[in-house]
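Structural overview for review
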Amino acid sequence: MKTLIYSLAFSLLFLAACSNGNKETQTTATPDSTATKDVVAETSEKGASTAALLSSYIKLKNALTADNDKDAAAAGNEMVAGFASFDKKSLTPEQDKAYTDIYDDGKEHAEHIGANVGNIAHQREHFDMLSKDMYDLVKLLGTNQSLYVDHCPMYNKNKGAIWLSEVKDIKNPYLGKAMPTCGTVQEELK
Amino acid sequence: MKGIKKVLLGLLVILVIIQFIQPARNKSGQAMPNDISKMVAMPAKVQGILKKACYDCHSNNTQYPWYANVQPLNWFLDDHVQSGKAELNFNEFGAYTPRRQQSKLRSIENSLKDGTMPLSSYTLIHRNAILSEAEKMQIISWVQISRDSLSKKNF
């Protein structure tokens with residue numbers, strides 16, 4: 001009887017600890033969004049709206065290039081905040097619709113990247129889909145920095161994947177240090 | 001020794017009390033206008049596999065096991081169901097934006113291939129949710145067909 005009660009007590013503690021842990025990761029996934037808000041609001045030239053998101057995206061890309069899952073997660077969370085504080089006021093109704101589609105999808109990929117420290121393969125899966133979102137976002141709203149659209153032919157069992165880069169040299173975020181220079185520049189965005 | 005007994009008795013009382021705190025059940029008798037079967041063709045076999053292996057956490061209707069009546073196990077279950085539904089809800093699939101629908105289908109394929117879904121803590125008890133290679137292939141090929149048909153619909 002005593003051991004039964006003990007084990008019940010332990011499992012109770014264990015479950016309580018479990019649910020606490022879950023809550024913690026949820027709160028850390030939303031860092032303060034006010035900081036990025038100011039940056040977006042101040043500048044209103046063409047492509048300025050995407051600048052904050054792109055800068056977090058580039059950080060994420062560079063972290064994956066260096067096989068650094070922790071920095072990737074931090075940049076992922078930065079993007080979640082960037083999506084949350086994105087200023088939609090300047091968008092036309094048509095742009096708004098397209099943006100909402102991108103936002104709905106992209107935000108979720110960023111969340112997953114932020115929540116998956118220790119699983120860089122999973123971060124890269126979401127980075128693949130997120131990169132397509134970011135490409136379409138830049139196509140939709142423009143950018144105030146020049147970007148290169150790079151293509152990695154080998155990723156995802158040779159199905160290939162794209163990423164955006166701020167530099168012309170190939171630095172592959174999908175294969176990381178294993179094959180850093182694999183890939184080609186496909187397109188230039190300005 | 002007396003002290004320990006008191007503590008244990010206290011725990012027992014707590015255990016009894018928490019039996020009366022039960023989270024709302026994930027059950028819905030409502031029509032589902034956004035169900036995935038309204039968006040893409042779903043063969044009966046595929047539906048059967050999804051029902052037995054996925055719908056407990058990824059739909060608006062959970063088939064509760066007997067121990068769902070026992071706390072604190074029900075909290076644990078409820079937590080899983082809530083996060084599972086937030087991640088992917090087959091009954092609300094039509095409410096996702098087109099791009100997100102594509103991503104979800106792709107993630108279904110990936111998680112089956114990687115073996116991350118169904119969760120091992122789930123298959124530990126639900127032995128019939130352990131999918132055979134043939135069943136996985138059925139789902140994966142259905143996912144691929146669905147992705148094609150959805151992208152044709154939207155563009």
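All figures in this text were calculated on a predicted structure; none of them were measured in a lab. (Residues numbered from 1 in each chain as written. Chains lettered and ligands numbered in written order. Predicted model: local features only at pLDDT ≥ 70, side-chain atom pairs only at ≥ 80, totals over all residues.)

1. Some details on the overall build of chain A
Counting secondary structure elements, chain A contains 7 helices and 3 strands. Seen in sequence order, chain A has helices and strands lined up from the N terminus as α-α-α-α-α-α-β-α-β-β. Going through the 190 residues of chain A one by one, you find that 34% of them count as buried. Put simply, 66% of the contacts in chain A that link residues at least 6 apart link residues at least 24 apart. (Helix = DSSP H or I, 4+ residues; strand = E, 2+ residues; numbered from the N terminus. Buried ≥ 20, exposed ≤ 12 C-beta atoms within 10 Å, placed from the backbone. Contact = placed C-beta atoms within 7 Å.)

2. Quick word on helix H5 (residues 93–115) of chain A
For H5(A), with 23 residues, the first-to-last C-alpha span of 33 Å sits near the 33 Å given by 1.5 Å per residue. Every buried residue of H5(A) is listed here: A:Tyr99, A:Ile102, A:Tyr103, A:Asp105, A:Gly106, A:Glu108, A:His109, A:Ala110, A:His112, A:Ile113 and A:Gly114. Where the residues of H5(A) are buried, they touch helix H3 (51–65), helix H4 (69–84) and helix H6 (120–141) of chain A together with helix H5 (98–114) of chain B. (Expected span 1.5 Å × (residues − 1).)

3. Focus on the pairing of strand S2 (residues 161–165) of chain A
Looking along a regular strand, one sees side chains alternate from face to face of the sheet. Residues and elements named next belong to chain A. The element S2 is largely enclosed, with a buried count of 4 among its 5 residues. Looking at chain direction, strand S1 (residues 147–152) and S2 are connected through 5 bridges and run antiparallel. Looking at S2, one finds that Tyr-148 is bridged to Ser-165. (Pairing = 2+ DSSP bridges.)

4. Some points on the nonpolar core
Residue and element names in this part refer to chain A. Residues Leu-53, Tyr-57, Leu-60, Ala-72, Met-79 and Phe-83 are the most contacted members of the largest nonpolar core, which totals 35 residues. Elements represented by at least two residues in this core include exactly H3, H4, H5, H6, S1 and S2. For this core, the element with the most residues is H6, which contributes 8 residues. If near-sequence neighbours (up to four positions away) are discounted, Tyr-57 is found in contact with Met-79, Met-134 and Leu-164. (Core = buried A, V, L, I, M, F, W, Y, C linked by C-beta atoms within 7 Å.)

5. Overview of the packing of H4(A) against H5(A)
All names here are of chain A. For the pair H4 and H5, interaxial distance at closest approach is 7 Å and the crossing angle is 150°. By the angle class used here, H4 and H5 are roughly antiparallel. Two packed elements cross with a definite hand, and for H4 against H5 that hand is left-handed. Where H4 abuts H5, its residues Ala-72, Ala-73, Gly-76, Asn-77, Met-79, Val-80 and Phe-83 lie against Tyr-103, Gly-106, Lys-107, Ala-110, Glu-111, Ile-113 and Gly-114. Counted by class, the contact of H4 with H5 contains 8 nonpolar, 4 polar and 2 charged residues. (Axes fitted to C-alpha atoms, helices over the stretch in contact; angles between N-to-C directions. Parallel < 35°, antiparallel > 145°, perpendicular 65-115°, else oblique. Left-handed = near helix turned anticlockwise from the far one by under 90°. Nonpolar A, V, L, I, M, F, W, Y, C, P; charged D, E, K, R; others polar.)

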